[in-house]
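One letter stands for each residue in the lines below.
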Amino acid sequence: MKDIELLSLLESNARLSVTDLSDILLEEEDQIAKRMDSLEKRKIICGYHTVINWDKANRNRKVMAIIEVGVTPQRDYGYDKIARTIARYPEVDTMYLLSGKSEFMCMVYGKSMYDVASFVADKIACIESVKSTVTLFVLKQYKQSGIILDDERKDTGERLVVTP
């Protein structure tokens, strides 16, 4: 149960120091550090991330796309072997097994739309068990990891005038 509290705190703010965590959880700093180390070694804590609004950073961001991948499961392996093959590509940032019309959803990054399209055509579509792909390019991000990224313009509540 103590690990769940620690994990929840880190999930909401990965910048909390061991000292801060110790104060919040009323435990010794060395115990917190040992628990964090154990959670990292067991791959329960898999990384610490920062959410960045690249649009506001005025930096050209890589193109992001969502790739839906339809596959035929393999005998004795199901979806796992195919998933490992796709997930190993460095272009694939995040990958999920889904219910619905496609088996996988991959978040892919590239330098351009052409690079993403080439990656899908030359690498994903060529995998033997892949039967279909659908590429959706992300045009704008509004929210990521629970954080709203949209600009700070306030809604006035006023409706636009509509004329015939």
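The rules we used
- Residues numbered from 1 in each chain as written.
- Predicted model: local features only at pLDDT ≥ 70, side-chain atom pairs only at ≥ 80, totals over all residues.
- Heavy atoms only, no water.
- Helix = DSSP H or I, 4+ residues; strand = E, 2+ residues; numbered from the N terminus.
- Contact = heavy atoms within 4.5 Å.
- Areas by Shrake-Rupley, 256 points an atom, 1.4 Å probe, with all protein chains shown as cover.
- Buried < 20%, exposed > 50% of the residue type's maximum accessible area, 1.4 Å probe, protein only.
- Lys, Arg positive; Asp, Glu negative; His and termini not counted.
- Salt bridge = Lys/Arg side-chain N within 4 Å of Asp/Glu carboxyl O.
- Polar contact = N/O pair within 3.5 Å; in protein donor to acceptor, adjacent residues only side chain to side chain.
- Expected span 1.5 Å × (residues − 1).
- Phe/Tyr/Trp six-rings, centres within 6.5 Å; stacked < 30°, edge-to-face > 60°.
- Arc of directions from axis to C-beta.

A. Broad picture of the overall build of the protein. Helix and strand counts for the protein stand at five helices and six strands. Listed N to C, the secondary structure of the protein is α-α-α-β-α-β-β-α-β-β-β in terms of helices and strands. Intrachain contacts of the protein at a sequence separation of at least 6 include 58% that bridge at least 24 residues. Surface accessibility of the protein: about 12,500 Å² in total, with carbon and sulfur atoms responsible for 51%.

B. Main features of the environment of Ile67. When you line up the elements, Ile67 lands in strand 1 (residues 63-71). C-alpha of Ile67 to C-alpha of Val108: the two residues are 41 residues apart in sequence and 7.1 Å apart in space. Those residues in contact with Ile67 that sit more than four places away from it in its chain are Phe104, Met105, Cys106, Val108, Val116, Val120, Thr133, Val134 and Thr135.

C. Region of interest: the side chain of Glu103. One can find Glu103 in the loop between strand 2 (92-97) and strand 3 (104-110). One buried charged side chain, Glu103, makes no salt bridge at all; its nearest oppositely charged neighbour is Lys131, positioned 4.5 Å away. At 2.8 Å, the side chain of Glu103 and the backbone nitrogen of Val71 are in polar contact. Residue contacts for Glu103: discarding those within four places in its chain leaves Val69, Gly70, Val71, Tyr79, Tyr96, Leu97, Leu98 and Lys131.

D. Focus on helix 5 (residues 113-124). Compared with an ideal rise of 1.5 Å per residue, which puts 12 residues at 16 Å, helix 5 spans 15 Å between its outermost C-alpha atoms and is within 8% of the ideal. When helix 5 is considered as a whole, its buried residues turn out to be Val116, Ser118, Phe119, Val120 and Ile124. In this structure, the buried residues of helix 5 make contact with strand 1, helix 4 (80-87), strand 2, strand 3 and strand 4 (130-137).

E. Summary view of the packing of aromatic side chains. A full pass over the atoms with the stated rule returns two aromatic pairs. Ring plane angle 85 degrees and centroid distance 6.0 Å describe the contact between Tyr79 and Phe104, whose orientation is recorded as edge-to-face. On the criterion of sequence distance, the pair formed by Tyr79 in the loop between strand 1 and helix 4 and Phe104 in strand 3 is long-range, its members being 25 residues apart. Relative to Phe119, the ring of Tyr89 has its centre 5.4 Å away and its plane inclined at 80 degrees; by these criteria the two rings are edge-to-face. On the criterion of sequence distance, the pair formed by Tyr89 in the loop between helix 4 and strand 2 and Phe119 in helix 5 is long-range, its members being 30 residues apart. For Tyr89, a relative accessible area of 22% gives the class partly exposed.

F. The arrangement of helix 3 (residues 29-41) in detail. The end-to-end C-alpha distance of helix 3, which contains 13 residues, comes to 18 Å, matching closely the 18 Å that a straight helix rising 1.5 Å per residue would cover. Those residues of helix 3 lying buried are Ile32, Arg35, Met36 and Leu39. Taken down its axis, helix 3 places every buried residue within 100 degrees of arc, on the same side. Facing away from the buried side of helix 3 by over 90 degrees, the exposed positions are Lys34 and Lys41.

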